[in-house]
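Now for the letters of each chain:
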Amino acid sequence: MENEARRRVQVLSSHNVEKFRAFLKEKANEPAPQPASYMIGGIVRAVFPQLYELRKRGYSLKMLVRIFEENGLRITATALSAYMKKLNEEAEGVSGIEAHKGGSQPLVPGSQARGHLAIKPDIPL
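Section: the overall build of the protein chain
Scanning the protein chain for helices and strands turns up 8 helices and 0 strands. Ordered by position from the N terminus, the helices and strands of the protein chain form the series α-α-α-α-α-α-α-α. Per-residue burial for the protein chain yields a buried fraction of 11% across its 125 residues. By sequence separation, contacts in the protein chain at least 24 residues apart represent 51% of the contacts at least 6 residues apart. Split by element, the accessible area of the protein chain, about 11,400 Å² in all, is 56% carbon and sulfur.

Considering a nonpolar patch on the surface
On the surface, Phe20, Phe23 and Leu24 cluster together into a nonpolar patch covering about 310 Å² of accessible area. With respect to the secondary-structure elements, Phe20 resides in helix α2 (residues 14-29).

Side note on the environment of Thr76
Following the sequence through the fold, Thr76 ends up in the loop between α5 (61-70) and α6 (77-92). Given a relative accessible area of 48%, Thr76 falls into the partly exposed group. Spatially, the C-alpha atom of Thr76 lies 9.8 Å from that of Leu64, the residues being 12 residues apart in sequence.

Some words on the packing of α5 against α6
Each pair of packed helices can be summarised by the angle the axes make with each other and by the distance between the axes. Running from N to C, α5 and α6 point in directions that differ by 105°, and their axes come no closer than 9 Å. By the criterion of interaxial angle, the relationship of α5 to α6 is roughly perpendicular. Touching Leu61, Leu64, Val65 and Phe68 of α5 are Ala77, Leu80, Ser81 and Met84, all from α6. Among the residues making up the contact of α5 with α6, the classes are represented as 7 nonpolar, 1 polar and no charged.

Description of the nonpolar core
Side chains that are nonpolar tend, in soluble globular proteins, to be buried together. In this structure, Ile43, Val44, Phe48, Leu51, Leu61, Leu64, Val65, Phe68, Ile75, Leu80, Met84 and Leu87 together form the largest nonpolar core, which totals 12 residues. When residues of this core are traced back to their parent elements, those giving at least two are α3 (40-46), α4 (48-56), α5 and α6. The dominant element in this core, judged by the number of residues it contributes, is α5, at 4 residues. Those residues in contact with Val65 that lie beyond four places of it in its chain are Ile75, Thr76, Ala77 and Leu80.

Quick look at the packing of aromatic side chains
The description of an aromatic ring pair uses the distance of the two centres, along with the angle that the planes make with each other. What the rule picks out here adds up to 1 aromatic pair. On the basis of an interplanar angle of 40° and a centroid distance of 5.9 Å, the ring pair of Phe48 and Tyr52 is categorised as tilted. Of this pair, Phe48 and Tyr52 both sit in helix α4, separated by 4 residues, roughly a single helical turn.

Some details on the environment of Phe48
Assessed through its relative accessible area of 11%, Phe48 is described here as buried. C-alpha separation for the pair Phe48 and Asn88, spaced 40 residues apart in sequence, amounts to 8.7 Å. Dropping the residues within four chain positions of it, Phe48 is found in contact with Met84, Leu87 and Asn88.

Observations regarding the confidence of the model for the protein chain
Note: predicted coordinates in regions of low pLDDT should not be interpreted at a detailed level. Averaged over every residue, the pLDDT of the protein chain is 81; residues scoring 70 or more account for 73%. Per-element confidence in the protein chain ranges from a low mean pLDDT of 47 for helix α8 (residues 110-113) to a high of 96 for α5. Low confidence marks residues 103-113, where pLDDT is under 50. Its contacts with residues over four positions away, or in another chain, come to 3 contacts.

Conventions used here
Residues numbered from 1 in each chain as written. Predicted model: local features only at pLDDT ≥ 70, side-chain atom pairs only at ≥ 80, totals over all residues. Heavy atoms only, no water. Helix = DSSP H or I, 4+ residues; strand = E, 2+ residues; numbered from the N terminus. Buried < 20%, exposed > 50% of the residue type's maximum accessible area, 1.4 Å probe, protein only. Contact = heavy atoms within 4.5 Å. Areas by Shrake-Rupley, 256 points an atom, 1.4 Å probe, with all protein chains shown as cover. Patch = residues over 30% accessible without salt bridge, like charges linked within 9 Å, V, L, I, M, F, W, Y side chains within 5 Å. Salt bridge = Lys/Arg side-chain N within 4 Å of Asp/Glu carboxyl O. Axes fitted to C-alpha atoms, helices over the stretch in contact; angles between N-to-C directions. Parallel < 35°, antiparallel > 145°, perpendicular 65-115°, else oblique. Nonpolar A, V, L, I, M, F, W, Y, C, P; charged D, E, K, R; others polar. Core = buried A, V, L, I, M, F, W, Y, C linked by side-chain atoms within 4.5 Å. Phe/Tyr/Trp six-rings, centres within 6.5 Å; stacked < 30°, edge-to-face > 60°. pLDDT = per-residue confidence, 0-100.

Here it is in C-alpha cells:
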C-alpha cells in the first residue's frame with residue numbers, strides 16, 4: 001500500500017516549485033555540512049590548497065608525509081602524490097582520461113601497436 005502511494009504521479013503547482021526553489025537558494029548560501037569522519041583522500045582534498053602552497057615553496061613529498069605523520073595521519077608518498085596529481089588536474093580542468101591520453105605517444109594502427117609492423121614495398125610489385 002505504501003509503495004503505491006510512492007509510485008503515484010505528483011502534480012504540483014507553480015507555487016510549490018517556487019517555494020522549493022527559494023528553499024534551495026537559501027541552502028546554497030549556507031556552508032556545506034562537514035562530514036563526521038574523513039578518509040585519507042578526503043583529508044588531502046580538504047587541505048589541498050595548503051599542501052599545494054607548501055609544494056610551491058619547496059616542500060618535498062617526504063616532508064609532507066612527515067607532517068601528516070606528526071599529526072597522527074598515515075599516508076605514503078606515492079598515495080599523496082597520486083591524490084595531489086588528481087586534485088591538481090581537477091583544479092586545472094583536465095579530466096583523468098585526458099591526462100592519461102597525454103598525447104605523448106602517436107596513435108598507431110592496432111597491428112603496429114601489438115608489435116607487428118606492416119612492411120610495404122617502395123615500388124609496386
